[in-house]
Amino acid sequence: MSHPADENVETKEMDSRSLSSSQGQEPYVHKVGVPPKQNLFKEFRYTVKETFFSDDPLRPFKDQTKSRKFILGIEAIFPILGWGRTYNLKKFRGDLIAGLTIASLCIPQDIGYAKLANLSPQYGLYSSFVPPLIYAVMGSSRDIAIGPVAVVSLLLGTLLQNEIDPNTNPTEYRRLAFTATFFAGITQATLGVFRLGFLIDFLSHAAIVGFMGGAAITIALQQLKGFLGIEKFTRKTDIISVMHSVFSSAHHGWNWQTILIGSTFLSFLLFAKYIGKKGPKFFWVPAIAPLISVVLSTFFVYITRADKHGVAIVKHIEKGINPSSVKEIYFTGDYLAKGVRIGIVAGMIALTEAIAIGRTFASMKDYQLDGNKEMVALGAMNVVGSMTSCYVATGSFSRSAVNFMAGCETAVSNIVMSVVVFLTLQFITPLFKYTPNAILASIIICAVINLVDYKAAILIWKIDKFDFVACMGAFFGVVFASVEIGLLIAVSISFAKILLQVTRPRTAILGKIPRTTVYRNIQQYPEATRVPGVLIIRVDSAIYFSNSNYVKERILRWLMDEEERVNRDYQTRIQFLIVEMSPVTDIDTSGIHALEELFRSLQKREVQLVLANPGPLVIDKLHTSNFANFLGEDKIFLTVAEAVAYCSPKLAEEP
């Protein structure tokens with residue numbers, strides 16, 4: 001057995017070090033591999049592929065004949081041609097029941113959501129006729145139910161009325177709504193075609209939870225106008241303005257008959273929702289309850305002529321299917337830019353909601369959802385919808401949940417729903433004349449309650465406090481300011497979080513786990529021991545221009561803190577600083593420059609810099625920049641254990 005040298009003598013030659021001298025010979029010390037140089041074109045192609053085509057969309061086309069590739073290409077654009085070949089009567093039975101069920105839910109909701117968007121009731125129904133047909137042909141989700149939704153309707157109505165008063169200029173307002181819908185569709189389709197769907201992921205889950213919750217509160221407050229029978233109501237959406245409008249009209253503006261109708265049927269709807277939660281077999285109860293409420297309340301108002309006593313009713317709904325609106329879209333003029341801006345915002349929010357819903361139900365049924373195809377399908381349906389008197393449609397969570405529970409098999413359930421809406425527009429709309437606005441308000445209030453996900457907010461608080469700030473920022477922004485302010489806060493905080501994580505990466509001091517050669521964070525593993533005379537620091541991020549200076553300064557601060565500690569405890573002074581680089585996925589010129597500055601600063605302190613386990617991109621750039629030679633290749637190691645063996649061979653021999 002060979003014996004190590006005197007523990008106070010530290011040799012600087014790498015080859016004279018060993019992880020264990022128990023065998024009387026020096027073990028092989030692994031060199032950090034440098035990847036072979038790649039062709040610039042190949043490297044660029046690989047980067048583009050991983051960024052935009054990570055799902056390898058052309059895989060099905062490999063080794064196929066030209067005719068087969070053509071068929072696959074058509075099916076990629078129109079998925080119905082693929083799954084339609086295996087469609088049968090059993091699947092149709094499930095889709096028929098689901099389609100009829102969601103139609104009974106969507107008809108009363110659509111009339112109410114159109115009012116949220118400050119449009120006539122028929123436009124809500126139009127938006128549940130054409131868009132679902134387009135989506136059924138082009139969409140890849142089996143479960144999404146398409147139509148107007150509360151949040152997008154409110155957002156669109158708020159943004160549009162900031163530009164045009166819907167009461168004094170209804171025609172221009174409607175035209176701007178179609179223009180915004182057109183450009184919402186263009187935005188969605190563009191993101192899908194150019195595979196830029198990752199952009200919607202910048203709106204974090206926490207921000208969406210807060211935004212949706214705030215929007216739900218705002219939507220519910222807006223319904224107090226119809227629920228209480230108030231004629232003069234504020235156009236603002238913040239809670240202070242709304243409550244001031246409500247209470248200032250309490251003595252002369254409230255209608256007790258309207259309140260009686262609204263509260264009675266709201267109680268009925270909430271009870272139906274409670275029954276629906278009792279078990280899956282009762283899913284149809286809350287689904288059919290809104291239509292029952294509309295029928296009963298309409299009949300009640302008609303026989304009692306409550307409309308003569310101040311109960312506001314829907315009055316006239318245009319009969320017939322969607323008229324063309326191609327000539328109403330603004331392609332020139334002052335309103336074009338406004339339509340584009342509003343359309344982009346509404347399109348992104350609608351897209352975020354639809355993709356989230358689609359992914360949720362796809363995971364429950366264990367099938368893959370192509371996000372880019374979904375964007376193209378949603379974009380196409382809104383572009384076509386804008387030309388057929390529809391406003392922005394997307395996936396509805398409440399209707400999709402009912403669709404799922406009703407046993408839908410394919411997107412045919414959307415076609416069934418669309419057919420029912422078509423029949424409603426053709427034959428039944430005159431029957432809605434005496435429908436009280438109070439029942440529509442009750443239906444919307446009941447529908448948006450679930451958007452206030454307080455359980456998710458509590459979980460976000462437990463997991464990540466910064467996420468909770470984003471959640472609450474979006475929530476209070478919507479409730480106390482406006483929908484667009486809340487959205488801006490949500491996006492801003494989400495970006496702020498990304499910037500903080502990029503510019504202030506985590507670093508940690510590592511220690512040796514007893515009886516192993518494993519080195520871990522001493523805060524996570526208190527039993528891990530520091531190496532005498534050696535400071536081991538791990539950087540948990542790529543090192544870029546945005547954080548390189550911080551990383552350098554943070555490492556030097558760790559070193560100063562450690563030097564103070566060892567001086568206070570009369571321990572061996574720090575002679576080596578090992579930077580564990582396995583989490584460092586990439587480095588740029590600023591990062592390499594920061595390492596050079598760190599090296600020089602350590603030299604002045606008579607501390608040697610040692611690197612452990614740099615990744616392929618990092619080691620390649622370290623060699624290309626000549627920093628590896630500047631530092632010394634004998635100070636770049638494959639593992640922390642080998643680096644420690646170089647710096648402190650005595651410790652390396654301990655079990």
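The rules behind each value
Residues numbered from 1 in each chain as written. Predicted model: local features only at pLDDT ≥ 70, side-chain atom pairs only at ≥ 80, totals over all residues. Heavy atoms only, no water. Helix = DSSP H or I, 4+ residues; strand = E, 2+ residues; numbered from the N terminus. Buried < 20%, exposed > 50% of the residue type's maximum accessible area, 1.4 Å probe, protein only. Contact = heavy atoms within 4.5 Å. Areas by Shrake-Rupley, 256 points an atom, 1.4 Å probe, with all protein chains shown as cover. Lys, Arg positive; Asp, Glu negative; His and termini not counted. Charge placed at Lys NZ, Arg CZ, Asp CG, Glu CD. Pairing = 2+ DSSP bridges. 1 Å grid on protein atoms, 1.4 Å probe; cavity = no way out; pocket = protein on both sides within 12 Å on 5 of 7 lines; lining within 4 Å. Points joined across faces, edges and corners; volume = space filled by probe spheres on them. Nonpolar A, V, L, I, M, F, W, Y, C, P; charged D, E, K, R; others polar. Polar contact = N/O pair within 3.5 Å; in protein donor to acceptor, adjacent residues only side chain to side chain. Core = buried A, V, L, I, M, F, W, Y, C linked by side-chain atoms within 4.5 Å. Phe/Tyr/Trp six-rings, centres within 6.5 Å; stacked < 30°, edge-to-face > 60°. Lys NZ or Arg CZ within 6 Å of the ring centre and 35° of its normal. pLDDT = per-residue confidence, 0-100. Patch = residues over 30% accessible without salt bridge, like charges linked within 9 Å, V, L, I, M, F, W, Y side chains within 5 Å. Salt bridge = Lys/Arg side-chain N within 4 Å of Asp/Glu carboxyl O. Expected span 1.5 Å × (residues − 1). Disulfide = S-S within 2.5 Å. Axes fitted to C-alpha atoms, helices over the stretch in contact; angles between N-to-C directions. Parallel < 35°, antiparallel > 145°, perpendicular 65-115°, else oblique. Left-handed = near helix turned anticlockwise from the far one by under 90°.

Undergrad: Looking at this structure, how should I read the overall build of the protein chain?
TA: In terms of regular secondary structure, the protein chain is built from 27 helices and eight strands. Across its three principal axes, the protein chain shows a C-alpha extent of roughly 105 × 70 × 55 Å. Residues classed as buried in the protein chain amount to 51% of the 655 residues present. Taking all contacts inside the protein chain whose residues are at least 6 apart in sequence as the whole, residues at least 24 apart take part in 80%. Of the roughly 31,700 Å² of accessible surface on the protein chain, 61% is carried by carbon and sulfur atoms. Charged side chains of the protein chain number 64 positive and 54 negative; the gap between the two group centres comes to 10 Å.

Undergrad: Got a minute to help me understand the sheet that holds strand 4 (residues 519-521) in this structure?
TA: Two pairing modes exist for strands in a sheet, parallel and antiparallel, and in both the strands are linked by backbone hydrogen bonds. Ordered in space as 4-3-5-6-7-8, the six strands form an open sheet in which the pairing is mixed. Of all the strands in the sheet, the pair left with one neighbour each is strand 4 and strand 8 (636-637). Looking at chain direction, strand 6 (residues 576-580) and strand 7 (residues 608-612) are connected through five bridges and run parallel. Considered in strand 7, the bridge of Leu577 is made with Leu609.

Undergrad: Would you explain the layout of surface pockets in this entry?
TA: A probe as big as a water molecule, rolled over the atoms, marks out the empty space that is left. Roughly 1,400 Å³ of volume is contained in the second largest pocket. Lys115, Asn118, Asn167, Lys225 and Asn437 are, among the 48 residues lining the second largest pocket, the residues nearest its centre. Taken together, the elements giving at least two residues each to the lining of the second largest pocket come down to helix 4 (89-116), helix 5 (121-126), helix 7 (150-161), helix 8 (170-193), helix 10 (224-228) and helix 18 (437-448). Counting residues per element, the lining of the second largest pocket draws most heavily on helix 18, which supplies five residues. Among the residues making up the lining of the second largest pocket, the classes are represented as 19 nonpolar, 21 polar and eight charged.

Undergrad: Any chance you could explain the environment of Gln188 here in plain terms?
TA: Tracing the chain through its elements places Gln188 in helix 8. Expressed as a C-alpha distance, the spacing of Gln188 and Ala380, which sit 192 residues apart in the sequence, is 8.2 Å. If near-sequence neighbours (up to four positions away) are discounted, Gln188 is found in contact with Gly347, Ala350, Leu351, Met375, Val376, Leu378, Gly379 and Asn382. From its side chain, Gln188 meets the backbone oxygen of Gly347 in a polar contact 3.0 Å long.

Undergrad: It is not clear to me how the nonpolar core should be interpreted in this structure. Could you clarify?
TA: General note: in soluble globular proteins, nonpolar side chains tend to be found buried as a group. Grouped together as the largest cluster of nonpolar side chains are 95 residues, with contacts concentrated most on Leu156, Phe211, Ile219 and Ile349. For this core, the leading source of residues is helix 18, giving ten residues. Apart from residues no more than four positions distant in its own chain, Leu156 is found in contact with Tyr173, Ala180, Ile342, Ala346, Tyr391 and Val392. One finds Ile509, Val539, Phe627 and Ala628 within the second-largest nonpolar core, a separate group that totals 36 residues.

Undergrad: Can you walk me through the packing of aromatic side chains in this structure?
TA: Any two aromatic rings considered together are summarised by their centre-to-centre distance and by the angle between their planes. Applying the stated rule across the entire model yields 17 aromatic pairs. Pairing Phe576 with Tyr646 gives two aromatic rings, centres 6.0 Å apart and planes at 80°, and the pair type is edge-to-face. Highlighted residues: Phe576 in strand 6 and Tyr646 in helix 26 (residues 640-647), separated in sequence by 70 residues. Assessed through its relative accessible area of 1%, Tyr646 is described here as buried. Chaining the aromatic ring pairs together yields one cluster made of Tyr123, Tyr126 and Phe178. It is Arg142 that lies over the ring of Tyr367; its NZ or CZ is 4.1 Å from the centre.

Undergrad: Help me understand the confidence of the model for the protein chain in this model?
TA: Any residue range with low pLDDT should be treated as having predicted coordinates unsuitable for detailed reading. Mean pLDDT for the protein chain: 90, with 95% of residues reaching 70 or above. Below pLDDT 50 for its whole length, residues 1-27 participates in 42 contacts with residues either more than four positions away or in separate chains. Every residue in residues 651-655 scores below 50 in pLDDT, and together they form 13 contacts with partners more than four places removed in sequence or on other chains.

Undergrad: Looking at this structure, I do not really get the side chain of Asp467. What am I missing?
TA: Here Asp467 is to be found in helix 20 (residues 465-480). We classify Asp467 as buried; its relative accessible area is 18%. When neighbours within four sequence positions are excluded, Asp467 is seen to be in contact with Ala206, Ile460 and Lys497.

Undergrad: In this structure, what is going on with unusual backbone geometry? I would like to understand it.
TA: Leaving glycine aside, a negative phi is the common case for residues, and trans is the common case for peptide bonds. Of note in the backbone geometry, Tyr570 takes a positive phi value of approximately 55° without being a glycine. Looking at where Tyr570 falls in the secondary structure, it is placed in the loop between helix 22 (548-568) and strand 6. The phi torsion at Glu606 lies on the positive side, around 60°, for a residue other than glycine. With respect to the helices and strands, the residue Glu606 is situated in the loop between helix 23 (589-604) and strand 7. A residue is classified by how much of its surface remains accessible, and Glu606, at 58% relative accessible area, is exposed.

Undergrad: How should I be thinking about a nonpolar patch on the surface in this particular structure?
TA: Together, Val419, Leu423, Phe427, Ile428 and Leu431 make up an exposed nonpolar region whose accessible area comes to about 480 Å². Summarising the element assignment, Leu431 is placed in the loop between helix 17 (412-428) and helix 18.

Undergrad: Explain helix 18 here, please?
TA: Each α-helix turn comprises 3.6 residues. Residues three or four places apart therefore point the same way. The end-to-end C-alpha separation of helix 18 is 17 Å, in line with the 16 Å expected for twelve residues at 1.5 Å each. Taking burial as the measure, the twelve residues of helix 18 include twelve buried ones, the bulk of the element. For helix 18, every residue scored as buried is listed here: Asn437, Ala438, Ile439, Leu440, Ala441, Ser442, Ile443, Ile444, Ile445, Cys446, Ala447 and Val448. Looking at the buried side of helix 18, the elements it contacts are helix 4, helix 7, helix 9 (205-222), helix 10, helix 12 (256-276) and helix 13 (284-304).

Undergrad: Even after reading the chapter, I still don't get the pairing of strand 6, so can you show me in this structure?
TA: Consecutive side chains along a regular strand alternate between the two faces of the sheet. Counted residue by residue, strand 6 has five buried out of five residues, so it is predominantly covered. Alternating positions in strand 6 separate into two faces, Phe576, Ile578 and Glu580 on one and Leu577 and Val579 on the other, with burial throughout. Where strand 5 (residues 534-539) meets strand 6, five bridges bridge the pair, whose relative direction is parallel. Residue pairing across strands places Arg538 opposite Glu580, the latter belonging to strand 6.

Undergrad: In this structure, what is going on with the state of the cysteines? I would like to understand it.
TA: All told, the structure shown has zero disulfides when counted by the stated rule. Not part of a disulfide, Cys408 finds its nearest cysteine sulfur in Cys106, a span of 15 Å. Cys408 sits in the buried class, given a relative accessible area of 2%.

Undergrad: What should I look at first to understand the packing of helix 12 against helix 13 in this one?
TA: Relative orientation and spacing of two packed helices are given, respectively, by the angle between their axes and the distance between those axes. Interhelical geometry of helix 12 versus helix 13 gives an angle of 160° and a closest axis separation of 9 Å. As far as their axial angle goes, helix 13 and helix 12 are roughly antiparallel. Helix 12 and helix 13 meet at a crossing whose hand is right-handed. The segment helix 12 lies against helix 13, with Ile261, Phe265, Phe268, Leu269, Ala272, Lys273, Ile275 and Gly276 engaging Val285, Pro286, Ala289, Pro290, Ile292, Ser293, Leu296, Ser297, Phe300 and Val301. Among the residues forming the contact of helix 12 with helix 13, the class breakdown is 14 nonpolar, three polar and one charged.

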